Amino acid sequence: IWELFRAFTMAESQCLTVSGSGSEEDSNEENESETEEGSSSGEEEEEEEPLLKYLRFGTNLGFGEEIAGDSRMISCVAVHYRFIVYGMHDGTIFCSDLQGNRLSGKDFSIHVHSVNQICIDTRGEHMASCDDGGKVAIVGIFSAKGNTVSAFDQPIKAIAIHPNFSGTNNRIYVCGGKELFMIEERRWPMGSKKSVIHAGEGVISDIKWRGNYIVWANDAAVHVYDNTVKKRISCVSKEQSNLIPKLVPCRLHWKNDNTLIIGWEYCVKVCVVKDTYPLTSDPAHPMSTPSKFMEVVSVSKLDCLVCGVATFRDSLVVLGYVLEEQDKKTGVPSRNALAPQLLVINANGFDGEPTELSRDMLPMKGYQIYNCNDYRLESEAGDCTYYVVAPMDIIEAKKRTIDDRIEWLMTKERFEDALEQAKKAVTHLSRISVLDVGLRYINHLIEKKMFEAAARYFVGNAATYIPMYIKMNL
């Protein structure tokens, strides 16, 4: 501080033209220091800022802990904008808020087998779950009214509930193992109506319902069903592969009501539901009204297996399972597995090679023993928050804020850039202020023994910083 004060008084007396009071050697050393600082800053500017920030999530929820001899391992997760629901391999289900705090009274002991999938309706009032024992449960999250449990004669691997299930006429869900069932719950005494929509292409691994469309993936293809006309409208076939479907399941994600993202093995496809044109203008003809079909609009080839897909603004988010070169044909690591990676990419039509915007390695707990099917990527529609799920761990990935950007610039010693950003976004800052950035800049210059540079900045902002320094050093 005294060194800064000395430089400050000298700068003031000479109208900001600071002349060094030390020897020529000292002056040269300081000039070299400033030159090095500028050079270093120029090099750092070439480094790209990360797109996402990461935080280990739900550390107090006991993932992986031993309870009564059983390890609490996560099997699936469902995210709502108000809460998160966890399905465990021991069959239990519980809820937390979005900060990872367990919600009291929201534990559900429904299943005794591993919970394979959970789906929540849009309002967050009901959830559907299924397990390897063939049990399917529809449960009110905040009320037990209307809870139902059904049993099937096969393991049920996937389930989706009508988005507006709470509505009187929408108590419908679909679930599947070797067959895809649609169940309509009707008022007493009619009971429920069960129908088979599809079968014969292997085990169904994922189901997603958005608006009028239901999509499901099995061992051979992804099918699209239009619930308004009660029929399948499209099929996207799986590419030829020798990988075991159970170890590398298809992952589905609706970007919006008409755009579907498919992640399967080493490939990500973007598909759009479109209208076909009427073949006749005669209103009495069955082909006079438009019908729907799904078109693949881009295909991206990756160097890693896809464990999950989502969207980040207009880009794609991919959870990748990285393999050694010798293991890529089997999809199974021959030794300890590598940590998964979260990629943000831009699809380039059918060129195959996407533009990679970022790639971050995630050191999940226990990653060395996991296969591709042990990971999931979950997100809430419209929110750039992602949950990377492994059996004993969850990592939350979030869009970086302006505060994060300024913090990053300061860690790279780009303080002038940080100050410029802070001044432009002063009303949007939450954790830091322009004053904070300025103080850190001054301290940085003092630590580097760049007293003249510190004095120049100090003089220009003396009315602000002198009272602060006096207060800090009382």
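Details of the structure are given in the entry above.
S.K.: Can you break down the overall build of the chain residue by residue, with the values?
M.R.: Secondary structure assignment for the chain yields seven helices and 30 strands. Per-residue burial over the chain gives 47% buried out of 474 residues. The contacts in the chain between residues at least 6 apart in sequence include a share of 51% that link residues at least 24 apart. Here the chain has roughly 23700 Å² of accessible surface; of this, 50% comes from carbon and sulfur atoms.

S.K.: Let's hear about the environment of Leu305: which residues, and what values?
M.R.: Mapped onto the secondary structure, Leu305 falls in strand 24 (residues 305-312). Considering only alpha carbons, one finds Leu305 and Glu265, 40 residues apart in sequence, at a separation of 4.8 Å. In this structure, Leu305 is in contact with Leu243, Val248, Glu265, Tyr266, Leu319, Gly320, Tyr321, Leu323, Gly331 and Cys372, ignoring residues within four places of it in sequence.

S.K.: Go over the sheet that holds strand 23 (residues 292-301), please, and point to the residues and values.
M.R.: What the four strands build is an open sheet, ordered 20-21-22-23; its pairing is antiparallel. Because the sheet does not close on itself, it has two edges, and the strands there are strand 20 (251-254) and strand 23. Averaged over all neighbouring strand pairs, the angle between strand axes comes to 20°, with direction disregarded. Taken together, the nine bridges between strand 22 (residues 267-275) and strand 23 define a ladder with antiparallel strand orientation. Bridging across to strand 23, Lys269 finds its partner in Val299.

S.K.: Tell me what's going on with the layout of surface pockets, and back it up with residues and numbers.
M.R.: What the largest pocket holds in volume is close to 880 Å³. The wall of the largest pocket is formed by 38 residues, among which Val79, Ile120, Lys208, Trp209 and Ser379 lie closest to the centre. Broken down by secondary-structure element, the contributors of at least two residues to the lining of the largest pocket are strand 4 (74-79), strand 8 (115-120), strand 12 (158-161), strand 16 (206-210), strand 20, strand 24 and strand 28 (376-379). A total of five residues in the lining of the largest pocket trace back to one element, the largest contributor, which is strand 16. Its residues assigned to classes, the lining of the largest pocket comprises 21 nonpolar, eight polar and nine charged. Quantified by volume, the second largest pocket comes out at close to 640 Å³.

S.K.: Please give an account of the sheet that holds strand 6 (residues 92-96) that cites residues and values.
M.R.: Taken in spatial order, the four strands make up an open sheet running 4-5-6-7, and their pairing is antiparallel. The sheet terminates laterally at strand 4 and strand 7 (102-109), the two strands that pair on one side only. Strand after strand, the sheet turns through a mean of 20° between neighbouring axes, direction not considered. Of the strand pairs in this sheet, strand 6 and strand 7 are connected by four bridges, and their pairing is antiparallel. What sits directly across from Ser96, in strand 7, is Arg102.

Rules behind the numbers
- Residues numbered from 1 in each chain as written.
- Predicted model: local features only at pLDDT ≥ 70, side-chain atom pairs only at ≥ 80, totals over all residues.
- Heavy atoms only, no water.
- Helix = DSSP H or I, 4+ residues; strand = E, 2+ residues; numbered from the N terminus.
- Buried < 20%, exposed > 50% of the residue type's maximum accessible area, 1.4 Å probe, protein only.
- Contact = heavy atoms within 4.5 Å.
- Areas by Shrake-Rupley, 256 points an atom, 1.4 Å probe, with all protein chains shown as cover.
- Pairing = 2+ DSSP bridges.
- Axes fitted to C-alpha atoms, helices over the stretch in contact; angles between N-to-C directions.
- 1 Å grid on protein atoms, 1.4 Å probe; cavity = no way out; pocket = protein on both sides within 12 Å on 5 of 7 lines; lining within 4 Å.
- Points joined across faces, edges and corners; volume = space filled by probe spheres on them.
- Nonpolar A, V, L, I, M, F, W, Y, C, P; charged D, E, K, R; others polar.

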